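Here's the letter readout for the chains.
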Amino acid sequence: MKARAALFSLLCLVGASGVEAATKHAAPSPAAQSGAQPLPQGGTGASGQEWSDVTEVVVRAKVSGPAMWKLKRGDATVWVMGVPVETPQDLQWDQTRLKRILKGVNFVIVPGFSRGSSQADKRWLAGSELPYGTHLEDVVAPKTYARFKAAVAHEPGLRAANYILNRPMRAGMELFEDVLQARGIRRYDMTRQVMALADAAGARTKVAYTVNADLLSDQWLLLDTKGNEACLTIFLDGIDNLKSLPGMARAWAEGDVKTALASYRDSAMLTCNLTTPGWREQYDALFIGGMVGSIGEALAKPGKSLAVVPFSDLLRKDGVLDRLRAQGVEVSSPVE
């Protein structure tokens, strides 16, 4: 069903088939550096996101392709590739350096996958519909509804009737997904591309955490009227913010971290999720804590590994890099 597809595709990577295929390969045997200018500490992006004080965030990596951070503990190294969650489907980027790093890695760590049950599906589908005879315009402010109507009208082929019988949060989520599809924007595509390259290199893939989609969809149902409208507004803001996405993605592909972070917006889905009653704790434990734990395990094994981490998780205050640094991990600038 469309609502379920939206839940999974907007939450994180869907299913584990790609990982299961990748892990069938045995890991190959495990097997200067250029400087960069630091960003000012504690910078903020266009969305107001406060970034880490880690001074190794760079203006531009002096190598081709996306920037990578190098983490070391003893004889272990983990290369970290920070990636945007949403990117244009035609984004081109230099994969040469990544392919070189993939040779001989212990494994490749990727963000979590979502899993859910049919029972939660039914609860969500039934609970996210408005009462009979009630339409979206009856439950949100006139200004919000006008923005919704304008967003629908802007995209050829979309019809307000497809959304107005649903609660505001679901209406916004499904509209946002449809706009992404209409504009050729994919979620987690960079992670999927890295997984495909890892598979081709015979590298094992490790999932950092698994998200229980049932818990999140049940959290969505706990949103009150104000919370529902807030999420609809967040999704409408997310649609407006897509205009800066191509420039941000190009900067990422060129290793221009300063420009990428200056225009980077957290995913509308993540922003909405963090407004639900209990999701912030889940995000902290899974998205941040799960990735930190997986990278920590990799740093306990001699040799090199690779981790793919969304920008919002990697570089935010008290994010993945901050926590690893606090544990004594040596964090270096994106280097060759």
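Our structure's up above, just so we're on the same page.
Summarised in this report is the structure supplied together with it. Since the structure is predicted, the reported quantities are computational estimates derived from the model, not experimental observations.

1. A look at unusual backbone geometry
- One non-glycine residue with positive phi stands out, namely Y188, at about 60°.
- Mapped onto the elements of the fold, Y188 is located in the loop between β7 (185–187) and α7 (189–200).
- A residue is classified by how much of its surface remains accessible, and Y188, at 7% relative accessible area, is buried.
- A positive phi is found at D318, a non-glycine position, where the angle reads about 60°.
- Relative to the assigned elements, D318 resides in the loop between α14 (311–314) and α15 (320–326).
- Exposure remark for D318: the relative accessible area of 44% places this residue in the partly exposed category.

2. Details of the environment of S114
- Along the chain, S114 turns up in strand β6 (residues 113–115).
- With relative accessibility at 3%, the residue S114 sits in the buried group.
- A sequence separation of 97 residues divides S114 from V211, and the C-alpha atoms of the two residues are 4.6 Å apart.

3. Focus on the sheet that holds strand β2 (residues 68–73)
- What the 6 strands build is an open sheet, ordered β8-β5-β10-β3-β2-β11; its pairing is mixed. Both edges of this open sheet fall to β8 (205–207) and β11 (330–332), since each of them pairs with a single strand only. Neighbour-to-neighbour, the strand axes of the sheet open up by a mean angle of 25°, direction not taken into account.
- In this sheet, strand β10 (residues 303–310) lies alongside strand β3 (residues 76–83) in parallel orientation, the contact comprising 8 bridges. In the sheet register, A76 faces β10, and the bridge partner there is G303.
- α7 rests against β3, β5 (108–110), β8 and β10 of the sheet, and its axis sits at about 155° to β5.

4. With respect to the environment of A126
- The residue A126 is located in helix α4 (residues 118–127) in this model.
- On the basis of relative accessible area, A126 is assigned to the exposed category, the value being 54%.

5. Brief notes about helix α6 (residues 168–182)
- Here α6 spans 21 Å end to end across 15 residues, near enough to the 21 Å set by a 1.5 Å rise per residue.
- Judged by how many residues are buried, α6 sits mostly within the fold: 13 of 15 residues are covered.

6. Thoughts on the packing of helix α5 (residues 142–154) against helix α9 (residues 225–241)
- Where α5 contacts α9, the two axes come as close as 10 Å, and the packing angle between them is 40°. By the angle between their axes, α5 is oblique relative to α9. Seen along the crossing, α5 lies across α9 with a hand that is left-handed. Of the residues in α9, those touching α5 at T144, R147, F148 and A151 are E229, L232, T233, L236, D237, I239 and D240.
- Classifying every residue of the contact of α5 with α9 by side-chain character gives 5 nonpolar, 2 polar and 4 charged.

7. Observations regarding α4
- Where α4 is concerned, the buried positions are A120, D121, W124 and L125. When α4 is viewed along its axis, its buried side chains cluster within an angular range of 130° and face the same direction. The exposed set on the far side of α4, more than 90 degrees from its buried face, consists of K122 and A126.

8. Topic: the pattern of salt bridges
- Taken as a whole, this structure holds 11 salt bridges when the rule is applied.
- Among the salt bridges present, the one from R123 reaches D218, with a minimum N-O distance of 2.9 Å. With R123 in helix α4 and D218 in helix α8 (residues 213–221), this residue pair connects regions lying 95 residues apart in the sequence.
- Residue R123 is classed as partly exposed on the basis of its relative accessible area, which comes to 39%.

About the cut-offs
Residues numbered from 1 in each chain as written. Predicted model: local features only at pLDDT ≥ 70, side-chain atom pairs only at ≥ 80, totals over all residues. Heavy atoms only, no water. Helix = DSSP H or I, 4+ residues; strand = E, 2+ residues; numbered from the N terminus. Buried < 20%, exposed > 50% of the residue type's maximum accessible area, 1.4 Å probe, protein only. Pairing = 2+ DSSP bridges. Axes fitted to C-alpha atoms, helices over the stretch in contact; angles between N-to-C directions. Contact = heavy atoms within 4.5 Å. Expected span 1.5 Å × (residues − 1). Parallel < 35°, antiparallel > 145°, perpendicular 65-115°, else oblique. Left-handed = near helix turned anticlockwise from the far one by under 90°. Nonpolar A, V, L, I, M, F, W, Y, C, P; charged D, E, K, R; others polar. Arc of directions from axis to C-beta. Salt bridge = Lys/Arg side-chain N within 4 Å of Asp/Glu carboxyl O.

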